[in-house]
Amino acid sequence: MQLTQRQALASRVARRSGRVAVPLPKTPVTAAPSVRAVGAVAPVDATKQSSARPSVIARAAAAQAPAKFQAPGKNVGQVNVVYKFGGSSVRDAERMREVADIICSFPDYLPCVVLSAMGKTTNLLLECGDMALKTPTDKIHDLIPFKAIRDLHVHTCEELGVEASVRAEVDRLLNELQQLLIGVSIMQDLTPRAKDSLVSFGERLSTRIFASYMRVNGVNARQHDAFELGLTTTDDFTNADVLYDPSLSLIKQALGPKPGVAPEVPIVTGFLGRGIKTGAITTLGRGGSDLTATVLGAALELPEVQVWKDVDGVLTSDPRIVPSTVPVTELTFEEATELAYFGAQVLHPQAMQPAVRSGKMNVRVKNSYNRTAPGTIISAHRDLDCTVVTSIVLKSNVTLVDIISTRMLGQYGFLATVFDAFLRHKISVDVVATSEVSVSLTLDPKKITGAPEIELTQLSTELSKLANVSYRKGLAIISLICNVEKTSEILMRTFSVFQRENINVVMMSQGASKTNISLVVDGDRGVEAVRVLHKEFFDGPSVCNATRSGPTVSLPNGAQHGEAGQVMFHNSSHNASHANANNN
């Protein structure tokens, strides 16, 4: 049967099952949407119906498509691993083909696949929202970022030869996106709720296209929106928190094995959830697809989640600063969390929480450009006997605030009053050093809710009743993720290097986690400080043999990772760039 006949059959089956709407015209839509369309999702009844939709299209297409790929998990009865691929890994048709090949190259794994939006789509969607506020409704379809989004996804559909029914669904979503932007133009308001609905189109488009590509190549894949699977969050739009109690049970019920149903490869949207009270689409913050992957892994009680990036795992520093950086073979959840919070762009800061809750799930960071590299395994515990410093992270453009009490010694409530003020102004604190009458702390201006200058001025005025407040801008935090059992050696070598290079430390703090020592230095010396410390700790003494066998993680049916060979450190050319900011 020819390809067009198979597509026609799939389309007829789709219409009979009620899954796919009749394609909308491709001409620009300029009619104003209803008010509910802005930031809203489908009504509850429609959502339930959508979440329960049959997988007739997936099975029909997969059964008749030519077997261009060897289907993964051939002898596996249920999902046994989660793969997550970021935006750079699925940025175009060529990279989607490569990701599909990766998925199908491990026959002992039946994966649940979490995808981010294609390339820079999330950034383009945010640009669309900002521009819609200043654009007449009849010009929305001419917005440059909107045209770029439309062209990317339409051309990708054409290059990958997706099913006609999915091409129609892509057209429908693009029309919905245009209507939402028209609504923003009419209302002259882009609320956080509307913004979450806006950016959700990236993942909703990429997963539908990719699932269809897998089906036309003989793999039984099915697309899922995470919020329809039951991923439930708070209603804090743009940065919602996962509610684990309802989410884990609902996801397990949706994706768990079902008697008499052939196993499928679920293709799931990253980054997205559903607000528990509003029922609206929410997002988990930038990098939230990592968190989606670990939530799914915890719900399905899996031994491992694999986060595929464009570097050979977690590195000893930022390769844009230190070209000689090397991969780290092992990390604890605590170390990975500290790395993420202090600026390492490898994993979402909260992505470790589901793994910690699970108690039996590991997270592995792998390289989609170098699939045979073992990557970095992140687990609850590891042997630190051979470790001095694990990684060095730079966080630039931070503000140091010094608060010195004007009251007598021994006055209780000083710190409580200080941090209550920060809470009221919604200012997040990075690093803290305290004494009985003073506190020094650092702030990230990007995390201040309002205008940084205004918020800091108001904070200083409020605290002036009990303290003298001063602040310095343009500083940098150097965070050493390390074995604090060797703190004396680490500090001795660090300050020896800084004295030699004439780098002054403005403030120092050791976190309660006991895995991190943070040093605040002048912002102009931050990059230099990282380079000289990396040379000291990774080219100097007390460094273990870099060629070590990685830990083995047992998976169902005898599949194992990291059991063959040794971990050889190397620095491929593509390691010179971190995962881009759009990797949700």
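Above this text you will find the structure in question.
In short, a report on the structure. (Residues numbered from 1 in each chain as written. Predicted model: local features only at pLDDT ≥ 70, side-chain atom pairs only at ≥ 80, totals over all residues. Heavy atoms only, no water.)

**What to know about the packing of aromatic side chains**
Inspection of the entire model under this criterion finds 8 aromatic pairs. Judged by centre distance (6.0 Å) and plane angle (80 degrees), the ring pair of Phe 69 and Tyr 213 falls under edge-to-face. Within this pair, whereas Phe 69 is found in the loop between α3 (56–64) and β1 (81–85), its partner Tyr 213 is found in helix α8 (residues 192–216), the two being separated by 144 residues in sequence. Tyr 213 matches Phe 69 in its accessibility class, with the two residues each being buried. Residues Phe 106 and Tyr 109 carry aromatic rings whose centres are separated by 6.1 Å and whose planes lie at 80 degrees to one another, so their mutual orientation is edge-to-face. Neither Phe 106 nor Tyr 109 differs from the other in exposure class; each is buried. (Phe/Tyr/Trp six-rings, centres within 6.5 Å; stacked < 30°, edge-to-face > 60°. Helix = DSSP H or I, 4+ residues; strand = E, 2+ residues; numbered from the N terminus. Buried < 20%, exposed > 50% of the residue type's maximum accessible area, 1.4 Å probe, protein only.)

**Brief notes about the sheet that holds strand β7 (residues 281–283)**
Strand pairs in the sheet, formed through backbone hydrogen bonds, run parallel or antiparallel to each other. Strand order in this open sheet of 3 strands is β4-β6-β7, and the pairing throughout is mixed. Unpaired on one side and paired on the other, β4 (232–233) and β7 mark the two borders of the sheet. Taken together, the 3 bridges between strand β6 (residues 272–275) and β7 define a ladder with antiparallel strand orientation. Looking at β7, one finds that Gly 273 is bridged to Thr 282. Where α8 meets the sheet, it contacts β6 and β7, and its direction lies at approximately 80 degrees from that of β7. (Pairing = 2+ DSSP bridges. Contact = heavy atoms within 4.5 Å. Axes fitted to C-alpha atoms, helices over the stretch in contact; angles between N-to-C directions.)

**Here we look at the sheet that holds strand β5 (residues 265–269)**
Judged by pairing direction, the sheet is mixed, and its 8 strands sit side by side in the order β3-β5-β2-β1-β8-β10-β11-β9 without closing on themselves. Bordering the open sheet on either side are β3 (221–224) and β9 (330–332), each of which pairs with just one other strand. For this sheet, the mean angle separating the axes of adjacent strands, direction not counted, is 20 degrees. As paired strands, β1 and strand β2 (residues 111–115) are joined by 5 bridges and run parallel to one another. Following the sheet pairing, Lys 84 is matched in β2 by Val 114. Contacts between α8 and the sheet are confined to β2, β3 and β5, with β3 contributing the most and set at about 170 degrees to the helix.

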